[in-house]
Amino acid sequence: MPKKLLLKVLTDHWRIREHPSLSFLGTRLHDPNLFHITERSLSGGFAVGLFVAWVPLPFQMILAALIAIFARVNLPVSVILVWITNPITMPAMFYLAYRIGLLLIGEPEGQFSFELSIDWFRFQLVHVWEPLLLGCAILGILSSVAGYIVVRLAWKSRFVRLIVLKSQRKLRDRKHHTPPEQ
């Protein structure tokens, strides 16, 4: 992800906190873990985003945001990771989930075709919902746990620690730097 975009998302948190339509969340949006990059917040954000990416529902970003807020993990990361599931990857991901669900249930494979439409949800989901949801749940849990562990291990690596320390030093220097008087 480009650094400028990430910084824009992370620095616009005050606008998000003050948005009138989010007032029902009260002071939950004022939790620093939602926008700061810490080991716990980042690994939790990855876990939430990767799990919700496997939820076969529209508006996954809203679900990821709400879970991140209540779990007190990084909000932008969890919402961005949901986009692993997009109109290009969704058919393959849900077909894989369906096949895994069939394997676990022990049913023979039926006719499965996925399209992102209201009609598909109204007429086809009835025939495939059990193996699809089971497969999505299994893959969501596995992805979530794997993402959490990978971020925790990466955080412990010397390279990542140096990057974090360098950025923290820059931030501290910027806060304490006073412009020269003229």
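**Remarks on the overall build of the protein chain**
Part 1 of the reasoning: Along the protein chain, the regular secondary structure elements total 8 helices and 0 strands.
Part 2 of the reasoning: Tracing the protein chain from N to C terminus, the helices and strands come up as α-α-α-α-α-α-α-α.
Part 3 of the reasoning: Split into buried and exposed, the 182 residues of the protein chain put 35% on the buried side.
Part 4 of the reasoning: The long-range fraction of contacts in the protein chain, counting pairs at least 24 apart against all pairs at least 6 apart in sequence, stands at 65%.
Part 5 of the reasoning: Total accessible area computed for the protein chain in this model is approximately 12,300 Å², and 67% of it derives from carbon and sulfur atoms.

**What about the packing of aromatic side chains?**
Part 1 of the reasoning: The final tally for this structure, using the stated rule, is 1 aromatic pair.
Part 2 of the reasoning: For the ring pair Tyr95 and Tyr98, a centre distance of 6.5 Å and an interplane angle of 35° mean the geometry is tilted. Of this pair, Tyr95 and Tyr98 are both found in helix H6 (residues 90–105), 3 residues apart, which corresponds to roughly one turn of the helix.
Part 3 of the reasoning: Residue Tyr95 is classed as partly exposed on the basis of its relative accessible area of 31%.

**So, the confidence of the model for the protein chain**
Part 1 of the reasoning: Per-residue pLDDT for the protein chain has a mean of 79; in total, 73% of the residues score no lower than 70.
Part 2 of the reasoning: Within the protein chain, the lowest mean pLDDT, 53, falls on helix H1 (residues 3–11), and the highest, 93, falls on helix H3 (residues 39–53).

**Some points on unusual backbone geometry**
Part 1 of the reasoning: Look at Phe59: it is not a glycine, yet its phi comes out positive at around 65°.
Part 2 of the reasoning: By secondary structure assignment, the location of Phe59 is in the loop between H3 and helix H4 (60–71).
Part 3 of the reasoning: Its identity is not glycine, yet Arg72 carries a phi of approximately 60°, on the positive side.
Part 4 of the reasoning: Among the secondary structure elements, Arg72 is positioned in the loop between H4 and helix H5 (75–81).

What counts and what doesn't
Residues numbered from 1 in each chain as written. Predicted model: local features only at pLDDT ≥ 70, side-chain atom pairs only at ≥ 80, totals over all residues. Heavy atoms only, no water. Helix = DSSP H or I, 4+ residues; strand = E, 2+ residues; numbered from the N terminus. Buried < 20%, exposed > 50% of the residue type's maximum accessible area, 1.4 Å probe, protein only. Contact = heavy atoms within 4.5 Å. Areas by Shrake-Rupley, 256 points an atom, 1.4 Å probe, with all protein chains shown as cover. Phe/Tyr/Trp six-rings, centres within 6.5 Å; stacked < 30°, edge-to-face > 60°. pLDDT = per-residue confidence, 0-100.

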